[in-house]
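Secondary and tertiary structure notes
Residue-level listing of the chains:
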Amino acid sequence: MFAVSVRSLAKNYGSKPALAGVDLEIAPGAIFGLVGPNGAGKTTLLSILAGLKAPTSGTFSLGPDGTGIGFMPDTPTYYPWLTGPELLDYAARLRSIKIDDSEISWRMAQVGLSQVGPGDQTKIGDYSRGMRQRLAMAATLLGDPPVLLLDEPCSALDPAGRVEVLDIISSLAGRATVIFSTHLLSDVERVCDSVAMLDRGRVIMAGPIEAIRQYGAAPGFRLALDFDDQGLIAEISRYPWFAGVVAGKPGYYTVTVTDFETARRDLLQLIVTRSVPLIEFARADPSLEEVFLKVLAPR
Ligand code: ATP
């Protein structure tokens with residue numbers, strides 16, 4: 001049973017397709033990243049799932065009974081004359097949730113807004129963009145919805161705020177199903193277990209992070225030596241498993257190979273035989289960014 005299931009979802013704005021047949025299945029309790037270039041269709045997809053836009057065709061289901069969704073828009077806009085605590089109280093009433101001062105306090109503290117707890121008179125109109133985004137996160141989490149749709153929840157936050165919000169998202173794993181869109185693949189690598197890449201309204205790649213990292217990426221090793229050793233590189237390039245080498249600063253190389261296990265054995269032997277002045281010998285894991293750039297490039 002999937003928490004979120006999307007089938008052949010399409011959306012046209014006039015004659016222009018924004019989603020061109022999206023299929024997704026997301027397990028309960030997953031933290032799912034939605035990435036893709038500008039205009040890929042991320043906001044359109046999240047808005048349809050949130051019930052704010054109607055699809056042109058296709059179907060989707062959310063949770064066991066389709067209820068209990070928390071949606072955080074990419075640019076949260078609230079009545080500027082309300083205070084933060086008033087907004088939380090208002091949002092709670094709209095959702096028929098009872099909320100008292102102590103919950104307002106801890107909900108604000110949870111998103112790093114403890115300075116605007118109950119009684120604070122600062123109007124939302126005077127909040128910074130980052131504060132509004134944190135407030136939006138607090139409002140979205142009210143009632144602990146089982147499915148959370150977060151559209152670029154960290155885009156207005158400074159690095160410390162980004163880590164705080166990513167940690168909140170991470171802490172929801174297993175308790176809620178979270179889909180969040182972002183342009184930062186490092187955010188996805190930090191908190192998500194699965195990811196989908198959208199491009200021009202289509203899913204061009206989706207799956208567990210580990211599987212995606214390995215997809216299409218040649219296995220390899222990172223070697224760091226005390227000094228540049230072209231003799232070693234020449235020797236490495238003669239092995240049948242050698243695929244290529246990228247040199248970094250002097251003495252730093254990434255060697256890609258066609259047969260990981262044989263290459264590991266041979267490289268270790270070579271390092272010992274040549275008494276290579278080794279600083280580091282590690283598997284070179286491709287980043288999501290490398291994989292996605294590679295997948296996008298030839299299209
Ligand atoms: P970004 O990363 O820039 O936020 P996105 O992946 O969220 O982009 P969408 O905002 O969903 O992409 O837009 C997908 C496509 O649909 C784009 O070509 C966009 O111009 C178009 N689009 C979005 N909203 C509308 C609208 N209300 N009317 C017409 N076209 C729209």
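Calculation rules
- Position numbers for residues count from 1 along each chain, tracking the sequence in the order it is written.
- Given that this is a predicted model, residues contribute local features only at a pLDDT of at least 70 and side-chain atom pairs are listed and counted only at 80 or more, while totals for whole chains, interfaces and linings are drawn from all residues.
- No hydrogens and no water enter the side-chain calculation; it runs on all heavy atoms of the structure.
- Note on conventions: DSSP H or I runs of at least 4 residues are helices, E runs of at least 2 residues are strands, and numbering of each starts at the N terminus.
- Where accessible areas are quoted, they stem from the Shrake-Rupley method and a 1.4 Å probe; at the residue level, only the protein chains shown are allowed to cover.
- Charge convention: Lys and Arg are scored as positive, Asp and Glu as negative, and His as well as the terminal groups of each chain are ignored.
- Charged groups are reduced to one reference atom each: NZ for lysine, CZ for arginine, CG for aspartic acid, CD for glutamic acid.
- Should DSSP find at least two bridges between two strands, the strands are taken to pair.
- Residues are labelled near a given molecule or strand when at least one of their non-hydrogen atoms is within 4 Å of it.
- The term polar contact refers here to a pair of N or O atoms within 3.5 Å; inside protein, the definition further demands a hydrogen-donor-capable atom paired with an acceptor-capable atom, and it admits residues adjacent in sequence only when both atoms are side-chain atoms.
- For this classification, the nonpolar set comprises Ala, Val, Leu, Ile, Met, Phe, Trp, Tyr, Cys and Pro, the charged set comprises Asp, Glu, Lys and Arg, and every other residue, Gly included, is treated as polar.
- In predicted models, pLDDT denotes the confidence assigned by the predictor to each residue on a 0 to 100 scale.
- These domain limits were set by an automatic method or by a database of domain assignments.
- When accessible area is computed with a 1.4 Å probe and restricted to protein chains, residues below 20% of their type maximum are described as buried, those above 50% as exposed, and intermediate ones as partly exposed.
- Two residues form a contact once any of their heavy atoms are found within 4.5 Å.
- Note that the arc is computed from the directions linking the helix axis to the C-beta atoms.
- Fitted lines through C-alpha atoms give the axes, limited to the stretch in contact for helices. The angle between two N-to-C directions lies from 0 to 180 degrees.

1. A few points about the overall build of the protein
Tallying secondary structure elements over the protein gives 10 helices and 13 strands in all. In terms of overall dimensions, the protein has C-alpha extents of about 70 × 45 × 35 Å along its principal axes. For the protein, the accessible area works out to roughly 14500 Å², and carbon and sulfur atoms hold 54% of it. When the 28 basic and 33 acidic side-chain charges of the protein are each reduced to a single mean position, those positions are 5 Å apart.

2. Observations concerning the pairing of strand S11 (residues 242-247)
With 5 bridges connecting them, S11 and strand S12 (residues 252-257) associate as antiparallel partners. Residue pairing for S12: Val245 is matched across the bridge by Val255. Counted between consecutive antiparallel strands, the loop separating S11 from S12 contains 4 residues, among which Gly251 sits at a positive phi close to 90°.

3. Some remarks on the site of the ligand
Of all residues adjacent to the ligand, which total 13 residues, the nearest are Asn38, Gly39, Lys42, Thr43 and Thr44. In the environment of the ligand, an oxygen atom lies 3.0 Å from a nitrogen or oxygen atom belonging to the side chain of Lys16. Between the ligand and Thr43 there is a distance of 2.9 Å, counted from an oxygen atom to a side-chain nitrogen or oxygen. Starting from 630 Å² of accessible surface for the ligand in isolation, the protein chains cover 63%. For the shell around the ligand, the secondary structure elements donating two or more residues are strand S2 (16-26) and helix H1 (42-49). Broken down by element, the shell around the ligand gets its largest block of residues, 3 residues, from H1. Taken together, the residues of the shell around the ligand break down into 4 nonpolar, 6 polar and 3 charged.

4. Describing the confidence of the model for the protein
With 97% of its residues at a pLDDT of 70 or more, the protein has an overall mean of 89. At the level of individual helices and strands, the protein shows its lowest average pLDDT in helix H10 (residues 288-296), which scores 76, and its highest in H1, which scores 96.

5. Remarks on the domain arrangement of the protein
Domain boundaries assigned for the protein yield domain 1 (4-213) and domain 2 (220-283). The gap between the C-alpha centroids of domain 1 and domain 2 is 44 Å.

6. A closer look at the side chain of Thr83
Mapped onto the elements, Thr83 comes out in the loop between strand S5 (69-72) and helix H2 (84-94). Under the relative-accessibility criterion, Thr83 is labelled buried at 2%. For Thr83, the residues in contact, after removing those within four places along its chain, are Asp120, Gln121, Thr122, Lys123, Ile124 and Tyr127.

7. Quick look at H2
Helical geometry: 3.6 residues make up each α-helical turn, so side chains three or four residues apart lie on a common side. Among all positions of H2, only Gly84, Pro85, Leu87, Leu88, Ala91 and Ala92 are buried. Around the axis of H2, the buried residues are gathered within 160° of arc, so they sit on the same side. Turned more than 90 degrees from where H2 packs its buried face, Arg93 and Leu94 sit exposed. Buried residues in H2 make contact with helix H3 (101-110) and helix H4 (129-141).

8. A word on the sheet that holds strand S7 (residues 177-181)
The 6 strands are arranged S5-S6-S7-S3-S8-S9 in an open sheet whose pairing can be described as mixed. Unpaired on one side and paired on the other, S5 and strand S9 (202-208) mark the two borders of the sheet. Strand-to-strand twist of the sheet, defined as the mean angle between neighbouring strand axes without regard to direction, takes the value 15°. Relative to strand S6 (residues 147-151), S5 is paired through 4 bridges, and the arrangement is parallel.

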